[in-house]
Number of protein chains: 2
Amino acid sequence: MDNLYLALVHFPVVNKKNEPIGSALTTIDLHDMARASMTFGVRGFYVITPFQDQADLADQVIRHWTHGAGGRLNPSRKQALELVRVTQTFETAVEQIYAERNQPVVTIATSAKKHKNSVSTRKLKQRLGSNASHVLVFGTAWGLAQELVDNCDLQLDPITGTGDYNHLSVRSAASIYLDRLTND
Amino acid sequence: MDNLYLALVHFPVVNKKNEPIGSALTTIDLHDMARASMTFGVRGFYVITPFQDQADLADQVIRHWTHGAGGRLNPSRKQALELVRVTQTFETAVEQIYAERNQPVVTIATSAKKHKNSVSTRKLKQRLGSNASHVLVFGTAWGLAQELVDNCDLQLDPITGTGDYNHLSVRSAASIYLDRLTND
């Protein structure tokens, strides 16, 4: 999927009271989502945080695995973390994606809650056949701020299980969507 | 899926040189796999370690979220972690599963490598229609020891992506299999 990107947003997201916040980095997100990206042929994985200390932490993790001792011990982890890119804002990520392929960028919000216009993974898979770049956007904490969801070009159906429990980790959700887009 | 269980094995597994080891607990595995279990209606999630200090750590995490401050702050996490059960051996887990439903227990090994007799997730989904109990077995570290894989009743096809990279996290792999068994 040469035209598919992931974005993991740490601002603007919401806390459990649905108040706007910026969240701290969870370093395992970088590993798991990079490994899933590498598995399913994602072109680049953007980690978005406006906080300099969190961006520094992300850079430190990436450097350890791409240029430090980590990568020598575990070359497959090196390959995965080479996909990670850190930006301050979602807009900057979209600009970089545009610049990389010189194609329009379709932004796709994910959420654990159903959006009135949301589309199925199958529908999205068909759209990935076009030449446009696509970026699948994930929120940390209790999810993306509603404004960001609404501003995306598409909203993806939430992942449903056997009941109404909808508290998958962002790591699980990203993995499931990528598998569906590849294998469903 | 009232007849489906997960097991996460910390012994016997292998390191990257394919030598038999016992691995340390990764607490985020408990969270992510419990949340996925809760989402997809898994009946119980076994964490298997012969090491007392690791079992104590697992119990501490579970207690914090089921009876401590964690569960009061985050009731949905409480619900998920209530599914977790800690045993010293895989055999004990299978005995408990047998005792719980008084039905034969079908053990299903997962691996990132193709097993000569492995079955597809779709095939397994059909088998789940029977009344037998089924336990999907995951390895930590570099995967389940070959002997345990071979001793299981079934071996599941590995998850493949767009290339030959096969280094998903166990958290991602479990989530993907459960989604396929539910939604595919």
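Residues numbered from 1 in each chain as written. Chains lettered and ligands numbered in written order. Predicted model: local features only at pLDDT ≥ 70, side-chain atom pairs only at ≥ 80, totals over all residues. Heavy atoms only, no water.

Quick notes on the sheet that holds strand S1 (residues 4-9) of chain B
All names here are of chain B. Counted only if it meets this: The pairing criterion for strands is at least two bridges between them, as found by DSSP. Strands here are runs of E lasting at least two residues and helices are runs of H or I lasting at least four, both read from the DSSP assignment and numbered beginning at the N terminus.
Taken in spatial order, the 6 strands line up as S5-S4-S1-S7-S6-S8 in an open sheet, and their pairing is parallel. Each end of this open sheet is capped by a strand with a single partner; those strands are strand S5 (84-87) and strand S8 (154-155). In the sheet, strand S6 (residues 105-109) pairs with S8 via 2 bridges, with the strands oriented parallel. Paired with Ala109 across the bridge in S8 is Gln155.

Some points on the sheet that holds strand S1 (residues 4-9) of chain A
Residue and element names in this part refer to chain A. Our working rule: Contacts are assigned to residue pairs that have any heavy atoms within 4.5 Å of one another. Note on definitions: angles span 0 to 180 degrees between N-to-C directions of axes, and those axes are lines fitted to C-alpha atoms, for helices only across the stretch in contact.
Reading across from one edge, S5-S4-S1-S7-S6-S8 is the order of the 6 strands in this open sheet, with parallel pairing throughout. Every interior strand has two partners, whereas the edge strands, strand S5 (84-87) and strand S8 (154-155), have only one. Bridge count between strand S4 (residues 44-48) and S5: 4 bridges; the pairing is parallel. If you follow Phe45 over to S5, its bridge partner there is Val84. Relative to strand S7 (residues 133-139), helix H8 (residues 170-183) is tilted by about 155 degrees, and along the sheet it contacts S1 and S7.

Digging into the pattern of salt bridges
Residues and elements named next belong to chain B. Under the convention used in this document: What counts as a salt bridge is simple: a side-chain nitrogen of Lys or Arg found within 4 Å of a carboxyl oxygen of Asp or Glu.
Throughout the structure, instances matching the rule amount to 18 salt bridges over all chains. Measuring nitrogen to oxygen at the nearest pair gives 3.8 Å for the salt bridge that ties Asp157 to Lys114. Linking Asp157 in the loop between S8 and helix H8 (170-183) with Lys114 in the loop between S6 and helix H6 (121-127), this pair joins segments that are 43 residues apart in sequence.

So, the interface of chain A and chain B
One frequently used descriptor of interface size is the decrease in accessible area upon assembly of the parts. Here is the rule we go by: A quick way to say it: buried area is the sum, across both parts, of accessible area lost when two parts are put together, with a 1.4 Å probe.
If you look at the interface, chain A gives 35 residues, while chain B gives 35 residues. Regarding the contact of chain A and chain B, the summed buried area is about 2900 Å², with carbon and sulfur atoms giving 50% of it. Joining chain A to chain B, the criterion identifies 4 salt bridges. Residue Asp32(B) is joined to Arg171(A) by a salt bridge in which the shortest nitrogen-to-oxygen separation is 2.6 Å. Counting only elements with at least two residues in the side of chain A that touches chain B, the list comes to helix H1 (27-39), helix H4 (75-81) and H8 of chain A. For the side of chain A that touches chain B, the leading source of residues is H8(A), giving 8 residues.

A word on the packing of aromatic side chains
All names here are of chain A. Note the cut-off: Two aromatic rings, drawn from Phe, Tyr or Trp (for Trp, its six-membered ring), form a pair once their centres lie within 6.5 Å of each other, and the interplanar angle then sorts them: stacked below 30 degrees, edge-to-face above 60, tilted otherwise. Each residue's exposure class comes from its accessible area (1.4 Å probe, protein chains only) as a fraction of the maximum for that residue type: buried when under 20%, exposed when over 50%, partly exposed otherwise. In this scheme, the term charge over a ring applies when either NZ of a lysine or CZ of an arginine sits within 6 Å of the ring centre and within 35 degrees of the ring normal.
This model, assessed by the stated rule, comprises 4 aromatic pairs over all chains. Between Tyr5 and Tyr46, the aromatic rings sit 6.4 Å apart at their centres with planes inclined by 40 degrees, giving tilted as the arrangement. Here the residue Tyr5 occupies a position in strand S1, and Tyr46 occupies one in strand S4, the gap between them amounting to 41 residues. Here Tyr5 matches Tyr46 in class, with each residue buried. Lying over the aromatic face of Trp65, Arg77 brings its terminal NZ or CZ to 5.5 Å of the ring centre.

Considerations on the packing of helix H1 (residues 27-39) of chain B against H8(B)
Residues and elements named next belong to chain B. The following threshold applies: Any angle between 65 and 115 degrees counts as roughly perpendicular, while under 35 counts as roughly parallel, over 145 as roughly antiparallel, and the rest as oblique. Each residue gets one of three labels, nonpolar for Ala, Val, Leu, Ile, Met, Phe, Trp, Tyr, Cys and Pro, charged for Asp, Glu, Lys and Arg, and polar for the others, Gly among them.
It is the contact of H1 with H8, at a shortest axis distance of 9 Å, that shows an interaxial angle of 5 degrees. When the axes of H1 and H8 are compared, the pair comes out roughly parallel. Counting all contacts with H1, which are made through Ile28, Asp29, Asp32, Met33, Ala36 and Ser37, the residues of H8 involved are Val170, Arg171, Ala174, Ser175 and Leu178. Grouping the amino acids of the contact of H1 with H8 by side-chain chemistry returns 6 nonpolar, 2 polar and 3 charged.

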